[in-house]
Amino acid sequence: MRPSGRQLNEMRPISIETGFTKHAEGSCLIKAGDTHVLCTATIEDRVPPFIKGSGLGWVTAEYGMLPRATNTRMRREASAGKQGGRTVEIQRLIGRALRAGVDRVALGERQISIDCDVLQADGGTRCASITGGWVALRLAVNKLMKAGDVSIDPLVDPVAAVSCGIYAGQPVLDLDYPEDSEAGVDGNFIMTGSGKLIEVQMSAEGSMFSREQMNSLMDLAAKGTAELAEMQKAACA
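With an unreviewed UniProt entry as reference, the chain is termed Ribonuclease PH, source organism Phaeobacter gallaeciensis. In its Subunit (unreviewed entry) section, the UniProt entry covering the chain states "Homohexameric ring arranged as a trimer of dimers." In its Catalytic activity (unreviewed entry) section, UniProt records this for the chain: "tRNA(n+1) + phosphate = tRNA(n) + a ribonucleoside 5'-diphosphate".

What follows is the structure, encoded as C-alpha cells:
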C-alpha cells in the first residue's frame with residue numbers, strides 16, 4: 001500500500017555517521033531514507049543577553065536547505081537577505097526540542113549551537129534534524145565532560161523526532177515525501193528516550209481525524225522514537 005513498500009509501522013532505513021566534520025565539537029550525518037541532514041554542534045563561552053549572569057546554559061539551533069536538496073533549485077535565503085518563515089519556525093522547534101532534554105544548570109553558563117543543513121530532502125527534514133542534532137549535542141557534551149568543564153552530565157534524556165500521518169486512510173510511521181504530499185493528516189512527534197512527550201505538531205491536511213486515529217499515531221510515534229533513541233545511543237557509544 002505504501003509507495004516504498006514498507007509496512008505501516010516500519011521506519012525508513014536510518015543511519016547515523018558521527019565525526020562527519022573535522023572542526024565541530026560534535027557532528028553527524030543522519031540519513032532517513034533519502035533525507036540526509038548534516039548536524040554540527042559548536043560550544044561557545046557565552047549565552048544570550050537575557051540569561052547572562054544566571055548560571056544557566058543555552059542550546060540553540062539553525063536550520064537550512066541546500067539549493068538542490070529538492071528536485072528543483074531553491075534560491076539561497078542569504079541571497080534574499082532574510083530567512084523564510086518556514087526556516088525560522090523549524091529552527092526554533094529544533095532549539096526548544098533539544099533544550100527540553102538538557103539540565104541547563106549542569107551545562108553551566110555556555111551556549112551550544114546546533115547547525116542542521118539539509119543536503120537532500122525527501123520528507124521529515126525537521127525530525128531528522130532533531131534526531132541528528134541530539135547526537136551532535138551528545139558528542140559535544142562528551143568533550144566538555146572529558147575536559148572536566150562540566151562535572152554532571154547535563155543531558156537528561158535522548159531527544160528524537162518522527163513523523164506519522166494518515167495515508168490512504170491508514171496510520172503510517174515515518175512519512176517520506178510521496179506520502180507527506182498526499183497525507184490526509186500529518187504530524188511530527190518529539191519524544192524522549194524514556195517515552196515522554198516534548199511536542200506534537202498535527203494538522204488535518206485533507207481530512208479530519210478521530211481521537212482513535214490520533215491514539216494510533218501516538219503509538220506509532222512512540223515505537224519510532226524508541227527505535228531512534230537506541231540508534232542515537234549506539235552512535236554515541
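Overview of the environment of Val118
If you trace the backbone, Val118 turns up in strand β5 (residues 111-120). With relative accessibility at 0%, the residue Val118 sits in the buried group. Separated by 116 residues in sequence, Val118 and Ala234 place their C-alpha atoms 23 Å apart. Ignoring any residue separated from it by four or fewer positions in sequence, one finds Val118 in contact with His36, Val37, Tyr63, Gly64, Met65, Leu66, Ala69 and Thr125.

Observations regarding the pairing of strand β7 (residues 170-173)
One ladder, built from four bridges, connects strand β6 (residues 159-167) with β7; its direction is antiparallel. Paired with Tyr167 across the strands is Gln170, a residue of β7. Hairpin connection between β6 and β7: a loop of two residues separates the two successive antiparallel strands, and Ala168 in this loop has a positive phi of roughly 50 degrees.

Reading guide: rules and limits
Residues numbered from 1 in each chain as written. Predicted model: local features only at pLDDT ≥ 70, side-chain atom pairs only at ≥ 80, totals over all residues. Heavy atoms only, no water. UniProt positions renumbered as here; feature names shortened; annotations may be inferred. Helix = DSSP H or I, 4+ residues; strand = E, 2+ residues; numbered from the N terminus. Buried < 20%, exposed > 50% of the residue type's maximum accessible area, 1.4 Å probe, protein only. Contact = heavy atoms within 4.5 Å. Pairing = 2+ DSSP bridges.

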